[in-house]
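Commentary on secondary and tertiary structure
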Amino acid sequence: MTDTATRYLYLARHGEASPDETSLTEHGCRQAVLLGERLRAAPLSAIHHGPLPRAAQTARLIGEQLDGVPLRQSEAAGDYLPYLPRKQELPPDSADSLLGFLARFPADERERGPELAREALAQFTGPAPGRQPRHELVVTHNFLIGWLVRAAHDAPEWRWMGLNHCNAALTVIRYAPGRPSSVLCYNDMRHLPAELRWTGFPPELHI
């Protein structure tokens, strides 16, 4: 039987992006630096990030606050629709609204997303091979964080929708051998000052 050890998966949404999403704003850069400073105490072995500039820049700024943690670009950590539900899977009172939201995305994002989502589950989740606990960070986007949190709770596949994550907030999931996966924290912003919190959320969702 192959030995496995506990995996700690750290998930962070990229920092606040410019309107054209080609780079981070000044606020977004500061958010990434502060998240990196918070993660100095974590024994990270790798920082995975999606290919889009806002995720890659966030990962680089986080990495600059750490000591030699390698950056690894991954398509599976990118921005895509992880699952496209059928109408009968959805609550009747919100099905049309949810399907209308999904229909606004380009066909290529809707078609390739589920395959990448399966890759993300295979690459980033579950106990780690070997005997040593593994700590890894994935710098990604709102939809994938929702997908991985949904999977950790064994929730229906469509339920990645409705989970929202702020820029540079932190979520940590533990995958221990022989135990259910556990979300240790979700959307944690305590490393950010008040003026840098809640970006990436519409105003009506600020708490």
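Conventions adopted
Residues numbered from 1 in each chain as written. Predicted model: local features only at pLDDT ≥ 70, side-chain atom pairs only at ≥ 80, totals over all residues. Heavy atoms only, no water. Helix = DSSP H or I, 4+ residues; strand = E, 2+ residues; numbered from the N terminus. Rg over C-alpha atoms; globule rule 2.2 N^0.38 Å. Buried < 20%, exposed > 50% of the residue type's maximum accessible area, 1.4 Å probe, protein only. Expected span 1.5 Å × (residues − 1). Contact = heavy atoms within 4.5 Å. 1 Å grid on protein atoms, 1.4 Å probe; cavity = no way out; pocket = protein on both sides within 12 Å on 5 of 7 lines; lining within 4 Å. Points joined across faces, edges and corners; volume = space filled by probe spheres on them. Nonpolar A, V, L, I, M, F, W, Y, C, P; charged D, E, K, R; others polar. Axes fitted to C-alpha atoms, helices over the stretch in contact; angles between N-to-C directions. Parallel < 35°, antiparallel > 145°, perpendicular 65-115°, else oblique. Left-handed = near helix turned anticlockwise from the far one by under 90°. Core = buried A, V, L, I, M, F, W, Y, C linked by side-chain atoms within 4.5 Å. Pairing = 2+ DSSP bridges.

Across its full length, the protein holds 5 helices and 8 strands. Listing every helix and strand of the protein by position from the N terminus yields β-β-α-β-α-β-α-α-β-β-α-β-β. Rg of the C-alpha trace for the protein: 17 Å, near the compact-globule value of 17 Å for 207 residues, within the 12% margin. For the protein, the spread of C-alpha atoms along the three principal axes comes to 50 × 50 × 30 Å. Buried positions account for 50% of the 207 residues belonging to the protein.

The next subject is helix α1 (residues 26–38). In an α-helix, one full turn covers 3.6 residues, which means residues spaced three or four apart are oriented alike. Spanning 13 residues, α1 covers 19 Å between terminal C-alpha atoms, matching the ideal 18 Å at 1.5 Å per step. Gly28, Gln31, Ala32, Val33, Leu34, Leu35 and Gly36 are the residues of α1 that are buried. In this structure, the buried residues of α1 make contact with β2 (7–13), α2 (53–64) and β7 (170–175).

Now for the layout of surface pockets. Each pocket or cavity is described by its volume, and for the largest pocket that value is around 400 Å³. Around the largest pocket, the lining is made up of 17 residues, and of these Phe101, Phe105, Asn142, Phe143 and Asn164 lie nearest the centre. Residue composition of the lining of the largest pocket, grouped by class: 8 nonpolar, 5 polar and 4 charged. Each pocket or cavity is described by its volume, and for the second largest pocket that value is around 210 Å³. Taken together, Pro51, Leu52, Glu75, Gly78, Asp79, Tyr80, Asp108, Glu109, Arg112, Gly113 and Leu116 make up the lining of the second largest pocket.

The subject of this paragraph is the packing of helix α4 (residues 107–124) against helix α5 (residues 142–152). The contact between α4 and α5 brings their axes to 11 Å, and the two run at 55°. In terms of their interaxial angle, α4 and α5 are classed as oblique. Crossing of α4 against α5: the hand is right-handed. Facing Ala117, Ala120 and Leu121 of α4, the residues of α5 in contact are Leu144, Trp147, Leu148 and Ala151. Residue classes in the contact of α4 with α5 are distributed as 7 nonpolar, no polar and no charged.

We now examine the side chain of histidine 14. One can find histidine 14 in the loop between β2 and α1. Residue classification places histidine 14 among the buried positions, given a relative accessible area of 6%. For histidine 14, the contacting residues outside a window of four places in its chain are Arg54, Ala55, Thr58, Val139, Thr140, His141, Asn167 and Ala168.

A few words now on the nonpolar core. Ranked by size, the top nonpolar core spans 29 residues in total, and within it Leu9, Leu11, Phe124, Trp147, Trp160 and Met161 carry the most contacts. Of all the elements in the fold, those that place two or more residues in this core are β2, α3 (95–103), α4, α5 and β7. With 7 residues, α5 is the largest single contributor of residues to this core. Not counting residues within four places of it along the chain, the set of residues in contact with tryptophan 147 comprises Pro82, Tyr83, Ala117, Leu121, Glu157 and Trp160. Within the second largest apolar cluster, 21 residues are counted, among which are Val33, Ala42, Val69 and Leu137.

What follows covers the pairing of strand β8 (residues 182–188). Regular strands have side chains that alternate between both faces of the sheet. In this structure, β7 lies alongside β8, joined through 4 bridges in antiparallel fashion. Residue isoleucine 173 lies in a different strand from β8, and its bridge partner there is valine 183. As consecutive antiparallel partners, β7 and β8 are separated by 6 residues, and within that stretch glycine 178 has a phi angle of approximately 75°, a positive value.

Fair warning: the whole summary comes from geometry, so function is off the table for now.
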